[in-house]
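# Examination of the molecular architecture
The lines below spell out each chain.
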Amino acid sequence: MEISRTQSILVTGAAGFLGSHLCQALLAEGHSVVGVDNLSTGRMANLAELSGESRFDFVETDICQPFDVGKVGYVFNFASPASPADYARLGPETLYVGSYGTRHALEIARRHAAGFLHASTSECYGDPDVHPQNESYWGRVNPIGPRSVYDEAKRFSEALVMAFHRYHGVDTHLVRIFNTYGPRLQPTDGRVISNFMIQALLGEDLTVYGDGRQTRSFCFVSDLIDGILRLSRSSEHLPVNIGNPEEWTILECAREVLAVTGSQSKIRYEPLPQDDPMQRCPDISKAKRLLGWEPKIALRRGLELSLPYFRSSLAQAGRHARSGQS
Ligand code: NAD
Ligand code: UDP
């Protein structure tokens, strides 16, 4: 569905890493945006660059409760804790936002005959026994393990989105996002890129979990946002993978971070968390075919582009610590 510039766009999870970049991209295209967030894992600092923008409104609210932001032409549903440390801390809340929250966002799209795009995840594939993962693979998920609060919330959300499409005719889209990184990734949320960048800049050991041979595929944020905007304007209702198919072991990723930061940090091995997937790599042939999309930014370049942000996060944290002491 083409998004009209005369109608506002709702972004839930707007103060988060991805939500804030999405708001910024939509504003740059000339849209008006209403961002909604309960600030459970997001930060107002992520929206600082948008604060002077007259076409941007922010509403602090929990989408697990019904909410109303007036008429909107499109809904992007990005609200949910996303890092393993965050959803371990916010287990029930993660299940609630993936069920009640997704329902409330879908009801808004239905009420206003608006388009809807939901941020799903490669985590729907669990610890996959198909490699690379394509969209027709149903996944291998532990429904009761420590990651289940996130994985099953996301899988339930996908089912609910498909039901609103099939039963209520809502123009829905599902993006399965693979590990994404870049500026505004929360420095303390425990994800691998933020941990390694901060550890390298501080000269601390890089904490590699397990033997570091597990793989991930890392997408730079601008590539992801481009793919998401293309999907939102397509006629595809079934899930589409968006991610960078370049696959790295975690140990290789640590070495890339050391090279980009020029750090002399050492590697320290720590236990692998339970149910940590052994491999992750998107098959992006569907996105290429349907959306003409593929990522442009390789890991080394993306880390270079992220470095100034991580440096300034540390400088700010240092300033706060010093002013706290004085
Ligand atoms: P994030 O934690 O930075 O952002 C999520 C935002 O949602 C936060 O600002 C948080 O405060 C908000 N939120 C959480 N619960 C809420 C609630 N009940 N009501 C209102 N707001 C709420 O995470 P992110 O990396 O930006 O992820 C955004 C979305 O993309 C999530 O849905 C996540 O599952 C999905 N995703 C991200 C990645 C990735 O690599 N970054 C990968 C797969 C999927
Ligand atoms: N990881 C690691 N050290 C860290 C943080 C994460 O070795 O300090 C590993 C983690 O065990 C996983 C991978 O890096 O195998 C990606 O972890 P992340 O939390 O970023 O995302 P996930 O893909 O697991 O959701």
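Up top is the structure these notes are about.
Now for a quick tour of the structure. (Residues numbered from 1 in each chain as written. Chains lettered and ligands numbered in written order. Predicted model: local features only at pLDDT ≥ 70, side-chain atom pairs only at ≥ 80, totals over all residues. Heavy atoms only, no water.)

## Some remarks on the overall build of the protein chain
On a plain count of helices and strands, the protein chain comes out with 9 helices and 13 strands. In terms of overall size, the protein chain behaves like a compact globule, its C-alpha atoms giving a radius of gyration of 19 Å where 326 residues would be expected to give roughly 20 Å. Taking the principal axes of the C-alpha coordinates as reference, the protein chain spans close to 55 × 50 × 35 Å. Burial statistics for the protein chain: of 326 residues in total, 55% are counted as buried. In the protein chain, the share of contacts with a sequence separation of at least 24, taken over all contacts with a separation of at least 6, comes to 81%. Entry remark: accessible area of the protein chain is about 14100 Å², with carbon and sulfur atoms responsible for 52%. Taking the 33 positively charged and 37 negatively charged side chains of the protein chain as two groups, their mean positions are separated by 2 Å. (Helix = DSSP H or I, 4+ residues; strand = E, 2+ residues; numbered from the N terminus. Rg over C-alpha atoms; globule rule 2.2 N^0.38 Å. Buried < 20%, exposed > 50% of the residue type's maximum accessible area, 1.4 Å probe, protein only. Contact = heavy atoms within 4.5 Å. Areas by Shrake-Rupley, 256 points an atom, 1.4 Å probe, with all protein chains shown as cover. Lys, Arg positive; Asp, Glu negative; His and termini not counted. Charge placed at Lys NZ, Arg CZ, Asp CG, Glu CD.)

## With respect to the packing of helix H3 (residues 91–111) against helix H4 (residues 148–168)
To describe two helices that pack against each other, one gives the angle between their axes and the distance between the axes. With their axes 8 Å apart at the nearest point, H3 and H4 run at an angle of 15 degrees to one another. By the angle between their axes, H3 is roughly parallel relative to H4. Read as a crossing pair, H3 and H4 show a hand that is right-handed. Across from Gly91, Thr94, Leu95, Gly98, Ser99, Thr102, Arg103, Leu106, Glu107 and Arg110 in H3, the residues of H4 making contact are Ser148, Val149, Tyr150, Ala153, Phe156, Ser157, Leu160, Val161, Phe164 and His168. Its residues assigned to classes, the contact of H3 with H4 comprises 9 nonpolar, 8 polar and 3 charged. (Axes fitted to C-alpha atoms, helices over the stretch in contact; angles between N-to-C directions. Parallel < 35°, antiparallel > 145°, perpendicular 65-115°, else oblique. Left-handed = near helix turned anticlockwise from the far one by under 90°. Nonpolar A, V, L, I, M, F, W, Y, C, P; charged D, E, K, R; others polar.)

## Notes on the packing of aromatic side chains
Taken as a whole, this structure holds 8 aromatic pairs when the rule is applied. Ring centres 6.5 Å apart and planes at 85 degrees place the aromatic pair Tyr181 and Phe218 in the edge-to-face group. On the criterion of sequence distance, the pair formed by Tyr181 in strand E7 (residues 180–181) and Phe218 in the loop between strand E9 (215–217) and strand E10 (219–220) is long-range, its members being 37 residues apart. Neither residue differs from the other here; Tyr181 and Phe218 are each classed as buried. One aromatic cluster in this structure is built from Tyr125, Tyr137 and Phe178. (Phe/Tyr/Trp six-rings, centres within 6.5 Å; stacked < 30°, edge-to-face > 60°.)

## Here's the deal with the site of ligand 1
The immediate surroundings of ligand 1 are formed by 30 residues, with Leu18, Asp37, Thr41, Asp62 and Tyr150 found nearest. A distance of 3.5 Å separates an oxygen atom of ligand 1 from a polar atom in the backbone of Leu39. In this structure, Arg191 approaches ligand 1 through a side-chain N or O atom, which is 3.0 Å from a nitrogen atom. Protein burial of ligand 1: of its 820 Å² of free accessible surface, 96% is covered by the chains. Put simply, the parts of the chain that give the shell around ligand 1 at least two residues each are helix H1 (17–28), strand E5 (115–121) and H4. (Near = heavy atom within 4 Å. Polar contact = N/O pair within 3.5 Å; in protein donor to acceptor, adjacent residues only side chain to side chain.)

## A word on the site of ligand 2
If you check the shell around ligand 2, you find 16 residues, and the closest are Val192, Thr207, Tyr209, Arg216 and Asp276. Backbone polar atom of Tyr209 to an oxygen atom of ligand 2: 2.8 Å apart, as the coordinates give it. Between ligand 2 and the protein, one listed contact pairs an oxygen atom with a side-chain N or O atom of Arg216 at 2.7 Å. About the coverage of ligand 2: the protein hides 94% of its 520 Å² of free accessible area. Sorting the residues of the shell around ligand 2 by element identifies helix H5 (192–202) and strand E8 (206–209) as the ones contributing at least two each.

## A look at H4
Taking 1.5 Å per residue, 21 residues should reach 30 Å; H4 reaches 28 Å between its end C-alpha atoms and fits that length. The complete set of buried residues in H4 reads Ser148, Val149, Tyr150, Asp151, Ala153, Lys154, Ser157, Glu158, Leu160, Val161, Met162 and Phe164. As for H4, its buried residues are in contact with helix H2 (84–89), H3, E5 and strand E6 (172–177). Directly after H4, the chain includes Gly169, whose backbone phi takes a positive value near 70 degrees. (Expected span 1.5 Å × (residues − 1).)

## Focus on H5
In terms of burial, H5 is a largely internal element, 8 of the 11 residues being buried. Every buried residue belonging to H5 is among Ile193, Ser194, Asn195, Phe196, Met197, Ile198, Gln199 and Ala200, and all of these are buried. Two residues or fewer past H5, Gly203 is found with a positive phi of approximately 75 degrees.

## Considering unusual backbone geometry
The linkage connecting His131 with the following residue, Pro132, adopts the cis geometry, with an omega of -10 degrees. At Ala113, a residue that is not glycine, the phi angle is positive and equals roughly 50 degrees. Examined against the element boundaries, Ala113 turns out to sit in the loop between H3 and E5. For Ala113, a relative accessible area of 64% gives the class exposed.

Just geometry here; none of it tells us what the structure is for.
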